[in-house]
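What the coordinates show
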Amino acid sequence: MTSPPIIFHFHNSYQTLPERFYTRVVPVPVADPRLIVFNHALADELGLDPAILEPSAPDLFSGNRLPTDAAPIAMVYAGHQFGHFVPRLGDGRAILLGEVIDRNGKRRDIQLKGSGKTPYSRQGDGRAWLGPVLREYLLSEAMHALGIPTTRALAAVTTGEIVRREQPLPGAILTRVAASHIRIGTFEYFAARGDYHAVQALADHVLARHFPDLVPEHDRYWALLQAVTERQAYLVARWMLVGFIHGVMNTDNMTVSGETIDYGPCAFLDAYDPATVFSSIDTWGRYAFGKQPDIAAWNLARLAGALIPIMEPDNQNARERASAVIHGFPARFTQYWLEGMRRKIGLGSCAEEDVALIQDLLAAMQAGAADFTLTFRRLCAASVNAGTDETLRVLFTQPAAFDAWAVRWRARLQQDTLSDAERLASMRATNPAYIPRNHRVEAALEAALQGDTGPFETLLALLRHPWDDRPALAEYADPPPPSQWPFQTFCGT
Ligand code: AMP
Ligand code: MG
């Protein structure tokens, strides 16, 4: 008996761009696909019927079976990696199945990651293994639950094949969903070749797809630069407000849609220190926690460089106006960040002293090696009850610094507009109880590699509700024990 055709109702737009933007490819079949995890809620959001998909899920999400209407492609791009320009990268282990229009009318890419070689694989095998696949699944879904723009995870399968890295590892494929997979590096690819017809076609595509309100603008390419800058200022501020370190902010890992993409070596801070780096390959700390806003601006300057030649006939004028946008990034970032930090410490109003109040808390946290997430979470209760201060003091190696700060904080709260109940609710909805703690993530992945996906499922379920206290799982809020420091992440996907 043959199973019925599966139709995703793709509405592909990227392939209406000239052929030099992509290559038609098909996933390389795998030996023995098995479904590890499937995101029912996301499937439903995409307008895909989970009941129809699920029986065929191992075949579909491994690429062994294509939806009847799929016309898969691999996209080409370039990028600055650790500051060095690589003129040709591209989807080396990813294949775009197609674009669907979701239940909210939004266009979403559905991509298989780890589905075999493409013309852009260079020396790579086009494959992924289970650890990084589940890591991206957990981390990206956790970011989504925190309300941070991100690509999503629809499914993870194992392939039944061995992937060779430093050792043999179980192969796996992630199905990633994104507003688009267009990166700053996609613009750089064409700009570096002097192919400004392509840059313009891409800019028009991105405007229509992500910024339709700007299409009628007389200065639409300049407006595009400004809009992407705005979204990245917001995004990176949101990262900084939860202690997220992306780890590999190369221009090929930065979307123009403003979604977080590429979860290779990312990790959340424990003790607050802007110099924190987890990635084993980031030797010089280029992508350290505190450097992320500067790096985002540097990356946006690369986008500006690609767009300036199509902005207006007067190149000098275009250059000056684009440069003004990039120089405006710190102010835009700071505004989003300050708004968020005010909320984190329970302020509903603005006062001049707030900046110093916030900076002094962070300085005390850094000097006292206080855990970032726990400090802000415990401030929630402390904002309405000074009797809980001991739960905060124990987080600081120098509690006196916290005590001194708390006196100023409470004086400021006295002048604020929020009621206690409002403040508590607002703080608890912005300071998560649970983040993907590095040691918990590692333990969940380790168990999954041994065939037990229970810890992964527990962690995923917990991270879907990061704001709720869960007494039975209270230890999941704790930072790693000192025996597990320092933590390192690896790109080796
Ligand atoms: P990343 O550092 O993960 O952003 O990847 C950088 C580039 O290397 C991208 O163009 C990837 O498609 C490519 N790449 C990474 N891993 C592989 C692999 N196993 N096989 C082929 N290409 C890969
Ligand atoms: Mg990448």
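Definitions and cut-offs
- Residues numbered from 1 in each chain as written.
- Chains lettered and ligands numbered in written order.
- Predicted model: local features only at pLDDT ≥ 70, side-chain atom pairs only at ≥ 80, totals over all residues.
- Heavy atoms only, no water.
- Donors = N, O, S within 2.8 Å, 3.2 Å for Na, K, Ca; no water.
- Buried < 20%, exposed > 50% of the residue type's maximum accessible area, 1.4 Å probe, protein only.
- Helix = DSSP H or I, 4+ residues; strand = E, 2+ residues; numbered from the N terminus.
- Contact = heavy atoms within 4.5 Å.
- Phe/Tyr/Trp six-rings, centres within 6.5 Å; stacked < 30°, edge-to-face > 60°.
- Lys NZ or Arg CZ within 6 Å of the ring centre and 35° of its normal.
- Axes fitted to C-alpha atoms, helices over the stretch in contact; angles between N-to-C directions.
- Parallel < 35°, antiparallel > 145°, perpendicular 65-115°, else oblique.
- Left-handed = near helix turned anticlockwise from the far one by under 90°.
- Core = buried A, V, L, I, M, F, W, Y, C linked by side-chain atoms within 4.5 Å.
- Near = heavy atom within 4 Å.
- Polar contact = N/O pair within 3.5 Å; in protein donor to acceptor, adjacent residues only side chain to side chain.
- Areas by Shrake-Rupley, 256 points an atom, 1.4 Å probe, with all protein chains shown as cover.
- Nonpolar A, V, L, I, M, F, W, Y, C, P; charged D, E, K, R; others polar.
- Domains from an automatic or database assignment.

1. Things to note about the coordination of the magnesium ion (ligand 2)
Angles at a metal have ideal values that depend on geometry: 109.5 degrees with four tetrahedral donors, 90 or 180 degrees with six octahedral donors. In the first shell of the magnesium ion (ligand 2), the protein supplies N253 (OD1) and D262 (OD), at 2.1 to 2.3 Å from the metal. By the burial criterion, N253 is buried, and D262 matches it.

2. Focus on the environment of L224
With respect to the helices and strands, the residue L224 is situated in helix α7 (residues 220-242). Residue L224 is classed as buried on the basis of its relative accessible area of 2%. As for L224 and L307, which are separated by 83 residues in sequence, their C-alpha atoms are 9.0 Å apart. Every residue in contact with L224, bar those within four places of it in the chain, is listed here: F187, A203, V206, L207, F211, L214 and L307.

3. Side note on the environment of W409
Looking at where W409 falls in the secondary structure, it is placed in helix α14 (residues 399-414). Considering only alpha carbons, one finds W409 and L357, 52 residues apart in sequence, at a separation of 7.2 Å.

4. Section: the packing of aromatic side chains
Under the criterion given, the structure shown has 20 aromatic pairs. A centroid spacing of 4.2 Å and a plane angle of 35 degrees characterise the contact between F21 and F190, whose relative ring orientation is tilted. Here F21, found in the segment before β1 (22-24), pairs with F190, found in helix α5 (residues 184-192); they are 169 residues apart in sequence, far enough to count as distant. For the pair shown, F21 and F190 are each scored as buried. Ring geometry for F402 versus W405: centroids 6.3 Å apart, planes at 40 degrees, classification tilted. Remark: W405 and F402 occur in helix α14; sequence separation between them is 3 residues, near one turn of the helix. Residue class for F402 comes out buried when judged on its relative accessible area of 0%. For W405, a relative accessible area of 2% corresponds to the buried category. Here a set of aromatic residues connected by ring pairs shows up, and it is made of Y14, F21, Y189 and F190. Taking the ring centre of W222 as reference, the NZ or CZ of R321 above it sits at 4.5 Å.

5. Structural notes on the packing of α5 against helix α8 (residues 292-311)
Between α5 and α8, the least distance of the axes is 9 Å, while the angle of their chain directions is 40 degrees. What the angle tells us is that α5 and α8 run oblique. Once α5 is placed against α8, the crossing between them reads as left-handed. Seen from α5, the contacting residues are I184, F187, E188 and A191; seen from α8, they are N299, L300, R302, L303, A306 and L307.

6. Some details on the nonpolar core
Grouped together as the largest cluster of nonpolar side chains are 132 residues, with contacts concentrated most on F187, L307, W337, I345 and L379. Of all the elements, α7 adds the most residues to this core, at 14 residues. By size, the runner-up hydrophobic cluster in this structure holds 23 residues, among which are F10, L53, L154 and V177.

7. Structural notes on the site of ligand 1
Around ligand 1, the structure places 17 residues, and the nearest of them are G90, G92, R93, G126 and N253. One of the backbone nitrogen or oxygen atoms of G92 is found 2.8 Å away from an oxygen atom of ligand 1. With respect to ligand 1, the side chain of N253 contributes an N or O atom lying 3.0 Å from an oxygen atom. Protein chains shield 83% of the accessible area of ligand 1, which is 480 Å² for the free molecule. When the residues that make up the shell around ligand 1 are grouped by side-chain class, the tally is 2 nonpolar, 7 polar and 8 charged.

8. Describing the domain arrangement of the protein chain
By convention, interface size is frequently given as the accessible area that disappears when the constituent parts associate. Along its sequence, the protein chain is carved into domain 1 (14-178) and domain 2 (347-428). Here the C-alpha centre of domain 2 lies 42 Å away from the C-alpha centre of domain 1.

9. Re the side chain of R423
Tracing the chain through its elements places R423 in helix α15 (residues 420-428). Note on R423: relative accessible area 3%, which makes it buried. Not counting the four nearest positions on each side in its chain, R423 is found in contact with G346, S383, L413, D416 and L418.

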